[in-house]
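Coordinate inspection notes
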Amino acid sequence: MVITTTKALTRIDGGAEPRSTRRMDQGAAADGELMRRAAAGDDDAMRVLVERHVARAAGLAYRMLGNPTSAEDVAQEAFLRLWKQAGRWRPEARVGTWLYTVVHNLCLDELRRPMRHVGELDPELADSRETPYAARQRSEVAALVETELQALPERQRAALALVHYEQVAAAEAAAIMAISIEALESLLARGRRTLRARLAGLRPDLMGEVE
Amino acid sequence: MNDEMMTRERLGALLDAYGGDLSRWPAPSRVAAEALIARDPTVHRLLDQARALDTLLDQAPAPLPSGILRARVLARRSPTLWRQSLGALWPFGPVWQPAMAFALIAALGIALGAYVGGPDRLVANKDVNESGIAGLDGDFDEDDLL
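Since we're looking at a predicted model, the values are computed, not measured. (Residues numbered from 1 in each chain as written. Chains lettered and ligands numbered in written order. Predicted model: local features only at pLDDT ≥ 70, side-chain atom pairs only at ≥ 80, totals over all residues. Heavy atoms only, no water.)

Before going further, it helps to spend a moment on the overall build of chain A. When its secondary structure is counted, chain A shows eleven helices and zero strands. Ordered by position from the N terminus, the helices and strands of chain A form the series α-α-α-α-α-α-α-α-α-α-α. Taken over 211 residues, chain A has a buried fraction of 50%. Partitioning the contacts of chain A with sequence separation of at least 6, the portion at a separation of at least 24 is 70%. Carbon together with sulfur atoms contributes 50% to the accessible area of chain A, which is approximately 9,600 Å² in total. (Helix = DSSP H or I, 4+ residues; strand = E, 2+ residues; numbered from the N terminus. Buried < 20%, exposed > 50% of the residue type's maximum accessible area, 1.4 Å probe, protein only. Contact = heavy atoms within 4.5 Å. Areas by Shrake-Rupley, 256 points an atom, 1.4 Å probe, with all protein chains shown as cover.)

So, on to the packing of aromatic side chains. Residues and elements named next belong to chain A. Here the structure, examined in full by the defined rule, presents two aromatic pairs over all chains. Here the aromatic rings of Phe 79 and Trp 83 are separated by 5.8 Å at their centres, their planes lie at 55°, and the arrangement is tilted. Residue Phe 79 and its partner Trp 83 are both found in helix H4 (residues 68-85); the two are separated by four residues, about one turn of the helix. Trp 83 matches Phe 79 in its accessibility class, with the two residues each being buried. The side chain of Arg 63 reaches across the aromatic face of Tyr 165, ending 3.7 Å from its centre. (Phe/Tyr/Trp six-rings, centres within 6.5 Å; stacked < 30°, edge-to-face > 60°. Lys NZ or Arg CZ within 6 Å of the ring centre and 35° of its normal.)

Turning our eyes to something else, we now look at the confidence of the model for chain A. Residue and element names in this part refer to chain A. Mean pLDDT over chain A works out to 80, with 71% of the residues at or above the 70 mark. The spread of mean pLDDT over the elements of chain A runs between helix H1 (residues 6-9), the lowest at 40, and helix H9 (residues 154-165), the highest at 97. Low pLDDT, under 50, characterises residues 1-25; the stretch is placed with 65 contacts to residues that sit more than four places away or in other chains. Note on residues 117-128: pLDDT is under 50 here. Beyond four places in sequence and across chains, it has 17 contacts. (pLDDT = per-residue confidence, 0-100.)

The packing of two helices is summarised by the inter-axis angle and the distance between the axes. Residues and elements named next belong to chain A. Between H9 and helix H10 (residues 170-177), whose axes approach to 10 Å, the crossing angle comes to 140°. By the criterion of interaxial angle, the relationship of H9 to H10 is oblique. Here the hand of the crossing between H9 and H10 comes out right-handed. Each of Arg 155, Ala 158, Ala 159, Leu 162 and Val 163 in H9 lies in contact with H10, whose residues at this interface are Ala 173, Ile 176 and Met 177. In the contact of H9 with H10, the residues fall into seven nonpolar, no polar and one charged. (Axes fitted to C-alpha atoms, helices over the stretch in contact; angles between N-to-C directions. Parallel < 35°, antiparallel > 145°, perpendicular 65-115°, else oblique. Left-handed = near helix turned anticlockwise from the far one by under 90°. Nonpolar A, V, L, I, M, F, W, Y, C, P; charged D, E, K, R; others polar.)

With that settled, consider the pattern of salt bridges. All names here are of chain A. Summed over all chains, the structure comprises 18 salt bridges over all chains. Between Arg 94 and Glu 172 there is a salt bridge whose closest N-O contact spans 3.2 Å. Residue Arg 94 is located in the loop between H4 and helix H5 (95-112), and its partner Glu 172 is located in helix H10; the two are separated by 78 residues in the primary sequence. On the accessibility criterion, Arg 94 (25% relative accessible area) is partly exposed. (Salt bridge = Lys/Arg side-chain N within 4 Å of Asp/Glu carboxyl O.)

Let's shift gears to the nonpolar core. In this structure, Phe79(A), Leu82(A), Trp83(A), Leu184(A) and Leu11(B) are the most contacted members of the largest nonpolar core, which totals 82 residues. The biggest single contributor to this core is helix H3 (residues 43-65) of chain A, with twelve residues. Both of domain 1 (3-58) and domain 2 (68-140) of chain B provide at least three residues apiece to this core. (Core = buried A, V, L, I, M, F, W, Y, C linked by side-chain atoms within 4.5 Å. Domains from an automatic or database assignment.)

Here the focus is the packing of helix H8 (residues 140-151) of chain A against H9(A). Residues and elements named next belong to chain A. Where H8 meets H9, the closest approach of the two axes is 9 Å, and the angle between their N-to-C directions is 130°. Considered as vectors, H8 and H9 are oriented oblique to each other. Residue-level contacts link Val 145, Leu 149 and Gln 150 of H8 to Arg 157, Leu 160 and Tyr 165 of H9.

Turning next to empty space enclosed by the protein. Scanning the model with the defined rule gives four cavities of 30 Å³ or more in all. Put simply, the largest cavity is a space of about 80 Å³. Lining of the largest cavity is provided by Arg192(A), Arg193(A), Arg196(A), Leu15(B), Asp16(B), Leu46(B), Gln49(B), Ala50(B) and Leu53(B). Elements with a minimum of two residues in the lining of the largest cavity: helix H11 (181-198) of chain A together with helix H1 (8-18) and helix H3 (44-58) of chain B. (1 Å grid on protein atoms, 1.4 Å probe; cavity = no way out; pocket = protein on both sides within 12 Å on 5 of 7 lines; lining within 4 Å. Points joined across faces, edges and corners; volume = space filled by probe spheres on them.)

This part covers the interface of chain B and chain A. Taken residue by residue, the interface counts 48 residues in chain B and 64 residues in chain A. Contact between chain B and chain A buries roughly 4,800 Å² in total, counting both sides, with carbon and sulfur atoms accounting for 58%. Where Glu185(A) meets Arg10(B), a salt bridge forms, and the shortest distance between an N and an O atom there is 3.5 Å. Where chain B touches chain A, the interface holds 16 residue pairs in polar contact (both at pLDDT 80 or more). Within the residue set of the side of chain B that touches chain A, elements represented by two or more residues are H1, helix H2 (27-39), H3, helix H4 (67-75) and helix H5 (77-89) of chain B. By residue number, the principal contributor to the side of chain B that touches chain A is H3(B), which donates eleven residues. (Buried area = accessible area lost by both parts, 1.4 Å probe. Polar contact = N/O pair within 3.5 Å; in protein donor to acceptor, adjacent residues only side chain to side chain.)

Nonpolar side chains collect at one region of the surface, where Leu112(B), Tyr115(B) and Val116(B) lie side by side and expose about 350 Å² of accessible area between them. Topologically, Leu112(B) is positioned in helix H6 (residues 96-116). (Patch = residues over 30% accessible without salt bridge, like charges linked within 9 Å, V, L, I, M, F, W, Y side chains within 5 Å.)

If you trace the backbone, Asp16(B) turns up in helix H1. Once residues within four sequence positions are removed from consideration, Asp16(B) is found in contact with Leu188(A), Ala189(A), Arg192(A), Arg193(A) and Arg196(A).

A separate point is unusual backbone geometry. Residue and element names in this part refer to chain A. If you check the backbone angles, Gln 167 has positive phi at about 55° while not being a glycine. You can see Gln 167 is positioned in the loop between H9 and H10. The class for Gln 167 is buried, based on a relative accessible area of 17%. Of note in the backbone geometry, Ala 178 takes a positive phi value of approximately 60° without being a glycine.

So, in structure tokens, the structure goes:
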């Protein structure tokens, strides 16, 4: 698997700034300091980094893989690679962008494996995931939306996961996926049009043409 | 993109791509779109459709990561940092290479030391050398060179 270098990840155009990206920008300097402390073995700094970024990393992996246990395996691997980078971390690099890129690439690798072994996971972890009770709590709408999201082609799903769910700026999402903004917009539009058609039964107001 | 370049078609394409929450849009397009929406009510239906899909998508959030994931991520940090510390001492490649070379040199030194002998033998060798040098000094005859 090819992981984009930290140097490349810092050349991202900051033209678009959705809400979460602004939060990430505000935390970027703090992340650099945390990475410096993490490289020196500061456990507290590592805990803060995990708390700050683990949900985003696991969330993107879940959207791409559709399986919470596989998603957590990917998120764990991404963080292990982050720790390995700590000693060489450049302060201006964004931890969030770096993690998203690694997670995205790991997920593509996982999706392209000839045989995906979704079930061969730590049984303790598997038990901690969605229980029958929790599964019953999921609404029918959520289940249908999730099913249709997972039915999308992987690149459309990744684009939607980054821009809609993770609220990553367009330029940053395009850089993470190593595509142009125009290609990103095309993936997003195709994905959303497909979802709109497939979910029209839930919301009739999804369909219709403008005068 | 400036205000003049924002057409209904372009607005529709952006709504298709980014949805009805303009905070997700690229900033330049956002400003131009807001202006078009304010002056052209016919695009509101497009906007409403995009927002309806956003609402549906938001009803399927990703599950929160487990506490076990956090524990696993943090549990695997120490060996990495240990290797990083070694790496700081030897940044030219795998640390086992200089470590192995050092161990080999140390072993050779110990073996050589055991073979040559202890301090007494070294003193004896020193005496021999000094007498040899004395012999050269005493017995050397330039005629031998002829």
